[in-house]
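Next come the chains, spelled out residue by residue.
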Amino acid sequence: MKKFLVSIIAFIILIFTSGCDNQKSYILFNKHPFTPDTMTSTTNVFKPGERVYYLVTLPKPVETQRLLIQIFKLGKEDRLGYDIVWGKQVKLRDEQIYYYTDYVVFNETGGYLMNVYSKDNPTKILTSNQFYIKQ
């Protein structure tokens, strides 16, 4: 009887743990516009005044087709506070339901954090990633 209960409990645990969806949203940065050739050469270190191309991937479509993108400048050593330096609300086009790409330019050196929120659930961060502007 114990073996039977243990096997049923193990089966239930297996079902609940293997049914997870591991697809996540990501942000990739690059020095060049994203094409199939430049997808493998991503970086997160840029020079002042250089274009920072970013690609936000979405594993499933956003129902409202609207994203909020915010960039924060991190304090010294990435831990002493932050300031919001850029924000943008975007509407995804019909052919863009699984990604969004654009670029930004910053002249001040330091660390930056990009957060992306879905307008479906604006209190939860969809994805985030850091990049750096260095001399």
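The preceding data block contains the structure.
Structure report, in brief. No experiment lies behind these values; they were computed from the predicted model shown.

The next subject is the packing of aromatic side chains. A full pass over the atoms with the stated rule returns nine aromatic pairs. Note on Tyr-53 and Tyr-103: the rings are 5.4 Å apart at their centroids and 50° apart in plane angle, and the pair reads as tilted. Taken together, the residues Tyr-53 in strand β3 (residues 51-57) and Tyr-103 in strand β6 (residues 99-105) connect sequence positions 50 residues apart. We classify Tyr-53 as buried; its relative accessible area is 12%. Residue classification places Tyr-103 among the partly exposed residues on the basis of a relative accessible area of 32%.

The next thing to look at is the pairing of β6. Side chains of β6 alternate between two faces, with Tyr-100, Asp-102 and Val-104 buried and Tyr-99, Thr-101, Tyr-103 and Val-105 left unburied. The pairing of β3 with β6 spans seven bridges and is antiparallel. The residue bridging Tyr-54 from the neighbouring strand is Asp-102, located in β6.

Turning our attention to the environment of Arg-51. Note that Arg-51 resides in strand β3. Put simply, Arg-51 and Asn-107 are 56 residues apart on the chain and 9.9 Å apart in space, counted from C-alpha to C-alpha. Not counting the four nearest positions on each side in its chain, Arg-51 is found in contact with Asn-30, Lys-31, Phe-46, Tyr-103, Val-104 and Val-105. Only 3.1 Å separates the side chain of Arg-51 from the side chain of Tyr-53, close enough to count as a polar contact. Here Tyr-103 takes part through its side chain, which lies 3.3 Å from a polar atom of the side chain of Arg-51.

Conventions used here
- Residues numbered from 1 in each chain as written.
- Predicted model: local features only at pLDDT ≥ 70, side-chain atom pairs only at ≥ 80, totals over all residues.
- Heavy atoms only, no water.
- Phe/Tyr/Trp six-rings, centres within 6.5 Å; stacked < 30°, edge-to-face > 60°.
- Helix = DSSP H or I, 4+ residues; strand = E, 2+ residues; numbered from the N terminus.
- Buried < 20%, exposed > 50% of the residue type's maximum accessible area, 1.4 Å probe, protein only.
- Pairing = 2+ DSSP bridges.
- Contact = heavy atoms within 4.5 Å.
- Polar contact = N/O pair within 3.5 Å; in protein donor to acceptor, adjacent residues only side chain to side chain.

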